Amino acid sequence: MPNSPEISISRRGVLAGSAASAVIAATTAGAAQRAAPATLAPLPAPAPQPMPVSLTVNGKVQRLSLDPRTTLLDALREHLHLTGTKKGCDHGQCGACTVMVEGVRINSCLSLAVMHEGDTITTIEGLGTPDKLHPMQAAFVKHDGYQCGYCTPGQICSAVAVLDEIKRGVPSHVSVSLTDHPQATNIEMRERMSGNICRCGAYSNIAEAMAEIAGENA
Amino acid sequence: MKFDTPAGTNPIDRMKVVGKPLDRIDGPAKTTGMAPYAYEHHREAPNAAYGYIVGAAIAKGRISSMNVADAKAAPGVLAVVTASEAGKLGKGKYNTAKLLGGPEIDHYHQAIAVVVAETFEQARAAAGLVRVSYARATGRFDLEEALKTAPLASGSQDTPPKPDRVGDFEQAFAAAPVKLDARYTTPDHSHAMMEPFASIAAWEGDRLNVWTSNQMIDWGRTDLATTLGMPKEKIRFMSPYVGGGFGGKLFLRTDAVMAALGAKAAGRPVKVAMSRPFLMNNTTHRPATRQRIRIGANRDGKITAIAHESGSGDLPNGRPETAVTQTRLLYAGANRLTSLRLAVLDLPEGNSMRAPGEAPGMMALEVAMDEMAETLGLDPVEFRIRNDTQVDPAKPERRFSQRNLVRCLREGADRFGWTRRNAQPAQVSDGRWLVGMGVAAAFRNHVSLPSGARVRLGQDGIVTVETDMTDIGTGSYTIIAQTAAEMMGLPIERVVVKLGDSSFPVSSGSGGQFGAGSSTSGVYAACVKLRDAVAQRLGYSSADAVFDGGKVRSGNRSTDLAEAARAGELVVEDTMEWGDLDKTYQQSTFGAHFVEVGVDRFTGMIRIRRMLAVAEAGRILNPKSARSQMIGAMTMGVGGALMEELAVDKRFGFFVNHDLAGYEVPVHADIPHQEVIFLEEVDPTVSPMKAKGIGELGLCGVGAAVANAVYNATGVRVRDYPVTLDKHLDRLPAVA
């Protein structure tokens, strides 16, 4: 199959179409395999129609009309200009885009904005401001839990959410028991934070910042 | 100002602000998401359209045809620019491959088009409609194979490509009673900084504003002007915040070029970010190496002969990975040989990544030293101490300006509990874990580059520093503020620092661990001028004016500093230039890495248990941010030791694992608490700041310390990085 020119050409069309609509892409692939038309141009994807969506972001109701392909991440960054939430990979591999939806952290790059109708979203801008830092933000500054700063908003949103997960008794891969209440130990926090990559390597300092806040909350 | 004699006492020596572990001044902005990175200038470039780059799907050959009609007709598309639309483009001085390919293709994922549309989603979808036919040519993708016929190379343009020799290595090695001859390999590495390459370009007539993510503002601006064929004075190039670089952002990359071309074609500002799966093959990487090390020693552990040969590959007219540099200077020994070979490969461009040369070179050399120590029956700390040198081994009249490697090793061994290490490998266990300790020296040369700054004293008494220096996470904002505060006798709160803008004086930029020492020296020079201007305004003699506590004193007179600017802002500018003290003295930084690992006796899985580094790098300007540089480098070293490897597809010529899921870097769970100790010292031969860089020192040797610890735990020596469990699993000690 990789050697078949017909398929490889039509696959381009499939890939292009798949961004717009999985249903159309599947139809295109089926048609291509049946007819194997080497010269057939890909079916033009219909222009996606904007969809309305209403989000509550950092306490403020935001009504948007969005291309349905828009991720929650791009809705925040490009449409609401809340650029504190970062795009590091756009594939759920780095954690820089971490925000809290209804109090639970998610990778906002892996979620379409229109899936969040009516949701309450907290971003880094909603935690604190330079003049009034959230305790976790202040702990990151104190312990130098960042360097270039690009993964930092995601780290902080994750850190806040992780301590809440532990408080709520949500177990992790390293929890000794699934039923006992997990504790905010170094290894427990490091395990839960492992979806947030910091290439500058501030991990040791982030762990100290989190330990300070976990201790205060304990 | 020119620095050509060792520094005497100066205002920095007061250490009221410099040398203090202050929180970074950019911390509140970074932790609240308020620091604007390259793609985030909505206010400065409103209504920007979105560019999406199309990359070549072959590694070498030609584009035979390109159909962009469907892309152009797709919803929202404003423009599609390919090499034929772009016309003739230049190639930047620091670029090996062209930044817009076609019809010739030089490497996989070389940019061949940019599609500009109203929205990101439209641009991405339309980019998928560009159809390209290629005539694929045979490429060279196998380093092992290509090195068989590769010529010798030189690490710098000033020296001819030949082996570097001292004494007679071959004879001394043949005569040595104890010998090691071993080969090591390091794979291609990706910088994998968290912020993808991104730029916004906005034309104002024939002037171009570019917000980008770049470590070296003046290099980037100059190369963009060369590429676009326009005067550099017409380009304003800005990187106030850089989301990590590690050498990957030393150079102009295609995001800036595509944004500029796209903006011209679309007639409005255009923003372009590289997608993560695209950037690893499109941009540069640290080249793989094949290294051979031979060491000959007497039975008392004195090295008599040492040879280090390394081969790497790059595109035509590329550069070798200078993995043998440290071996010329790190240990004593009368007979020495180092050489480099460079093969031509058609893989993506190889170039600098954090501690180029030393990072992979030390990964090999410091394992070789561990192996040699074991053969000699010597403790590896002691073996290194016995071969310390206080002079350049090739030029004994040339001393190191400072060299306390022995103290780093001794203090580290003491702190780490090194005496508890069992010299016999595979003897210590802790439950299911085999436990081992490893050590390695750290070494990296100090470099200074010319660096300029402008300082202003405002009527409000605030001192503002402007320089095109960048802060790539290194702490430049803070140490520059500390420098200006110390020089002008102010608390750090009274200093404002503006960085990363080509409208400011040209600085050293960030790279090669030259940034901290060079850029603060440039600020020092400008502040000396400002002090003179202040003294003159106040009618003081600048020779005896004391700047302290927001006041200027001379004899029994004292005036508020702000008073000097009452009649109008004072603005001065200067550049620090460098004499030849670096020729008189060998200026280097040193350290020692200690690592303890656990290896699961059943699965072979390796976990880091403890890490300690002791470092000496002259004056430490801010122990808090300096420590972060060290632990960050130690973390990257763990990556290089245990997991990082770009997998080469030798058939089609590209890096297969080109995203952050496939290219593994350390995560929180991999890194325990890390300890760092700085030796207290100053080096007056390097600059008035008496400070050297540490950003790369921390990476040099740490990978070997990890590998040596794994060996101590298992008794299985792995010489091919990364040390992954599959490479030792079948040879681990038998389980009961």
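Note that the structure is a prediction, hence the values are computed from the model and not measured.

J.: What is the right way to look at the interface of chain A and chain B in this model?
T.: How big an interface is tends to be stated in terms of accessible area lost as the parts join. Of the residues lining the interface, 59 residues belong to chain A; the matching set on chain B comes to 68 residues. Across the chain A/chain B interface, buried area totals approximately 5300 Å², and carbon plus sulfur atoms make up 57% of it. Along the contact surface separating chain A from chain B lie five salt bridges. Taking the shortest distance from any N to any O, the salt bridge between B:R24 and A:D144 comes out at 2.7 Å. Elements supplying a minimum of two residues to the side of chain A that touches chain B: α1 (5-20), α3 (72-79), α4 (124-127), α5 (135-142), α6 (152-167), α7 (186-192) and α8 (203-217) of chain A. At five residues, the largest contribution of residues to the side of chain A that touches chain B is made by α8(A).

J.: Please clarify how the domain arrangement of chain B should be interpreted in this entry.
T.: All names here are of chain B. The assigned domain composition of chain B is domain 1 (2-35 + 448-579), domain 2 (49-138 + 191-282) and domain 3 (398-444 + 587-736). Measuring from the centre of the C-alpha atoms in domain 2 to the corresponding centre in domain 3 gives 37 Å. Between domain 2 and domain 3, the contact holds 11 residues from the first and 12 residues from the second. When domain 2 packs against domain 3, the two sides together hide about 960 Å² of surface, and 72% of this comes from carbon and sulfur. When the buried surface of domain 2 facing domain 3 is broken down by residue, Y108, M280 and N281 rank first, second and third, together holding 44% of it. Here domain 2 is connected to domain 3 by zero salt bridges.

J.: What is the right way to look at the nonpolar core in this model?
T.: Side chains that are nonpolar tend, in soluble globular proteins, to be buried together. Residues and elements named next belong to chain B. Judged by nonpolar contacts, the single largest core of 234 residues is most densely connected at M488, V534 and V597. Here the element with the most residues in this core is helix α10 (residues 358-376); it accounts for 11 residues. Residues contacting V534, with those up to four places away along its chain left out, are L457, M488, F547, V552, L561, A564 and L570.

J.: Help me understand the side chain of A:D119, please; the structure alone is not making it clear to me.
T.: Residue and element names in this part refer to chain A. Examined against the element boundaries, D119 turns out to sit in the loop between β4 (104-107) and β5 (120-122). For the buried D119, no salt bridge exists, and the shortest N-O distance to an oppositely charged side chain is 14 Å, to R63. Apart from residues lying up to four places away in sequence, D119 is in contact with S54, L55, T56, V101 and E102.

J.: Looking at this model, I keep getting lost on the pairing of strand β13 (residues 235-238) of chain B. Mind explaining?
T.: On a regular strand, each side chain points to the face opposite its neighbour's, so the side chains alternate between the two faces of the sheet. All names here are of chain B. Two elements, strand β12 (residues 207-212) and β13, share four bridges in a ladder whose sense is parallel. Following the sheet pairing, N209 is matched in β13 by R236. Between the parallel elements β12 and β13, the chain passes through helix α7 (residues 217-228) in a crossover that is right-handed.

J.: Which parts of the structure should I look at to understand the sheet that holds strand β11 (residues 198-204) of chain B?
T.: All names here are of chain B. Strand order in this open sheet of seven strands is β4-β6-β2-β14-β11-β12-β13, and the pairing throughout is mixed. Edge strands, defined here as strands with exactly one partner in the open sheet, are β4 (77-82) and β13. Each strand axis lies, on average, 20° off the axis of its neighbour in the sheet, ignoring direction. Pairing of β11 with β12, which is carried by six bridges, proceeds in the antiparallel orientation. In the sheet register, I200 faces β12, and the bridge partner there is W211. Contacting β11, β12 and β13, α7 runs over the sheet at an angle of about 140° to β13.

How each quantity is defined
Residues numbered from 1 in each chain as written. Chains lettered and ligands numbered in written order. Predicted model: local features only at pLDDT ≥ 70, side-chain atom pairs only at ≥ 80, totals over all residues. Heavy atoms only, no water. Contact = heavy atoms within 4.5 Å. Buried area = accessible area lost by both parts, 1.4 Å probe. Salt bridge = Lys/Arg side-chain N within 4 Å of Asp/Glu carboxyl O. Helix = DSSP H or I, 4+ residues; strand = E, 2+ residues; numbered from the N terminus. Domains from an automatic or database assignment. Core = buried A, V, L, I, M, F, W, Y, C linked by side-chain atoms within 4.5 Å. Buried < 20%, exposed > 50% of the residue type's maximum accessible area, 1.4 Å probe, protein only. Lys, Arg positive; Asp, Glu negative; His and termini not counted. Pairing = 2+ DSSP bridges. Right-handed = clockwise from strand over helix to strand, strands pointing away. Axes fitted to C-alpha atoms, helices over the stretch in contact; angles between N-to-C directions.

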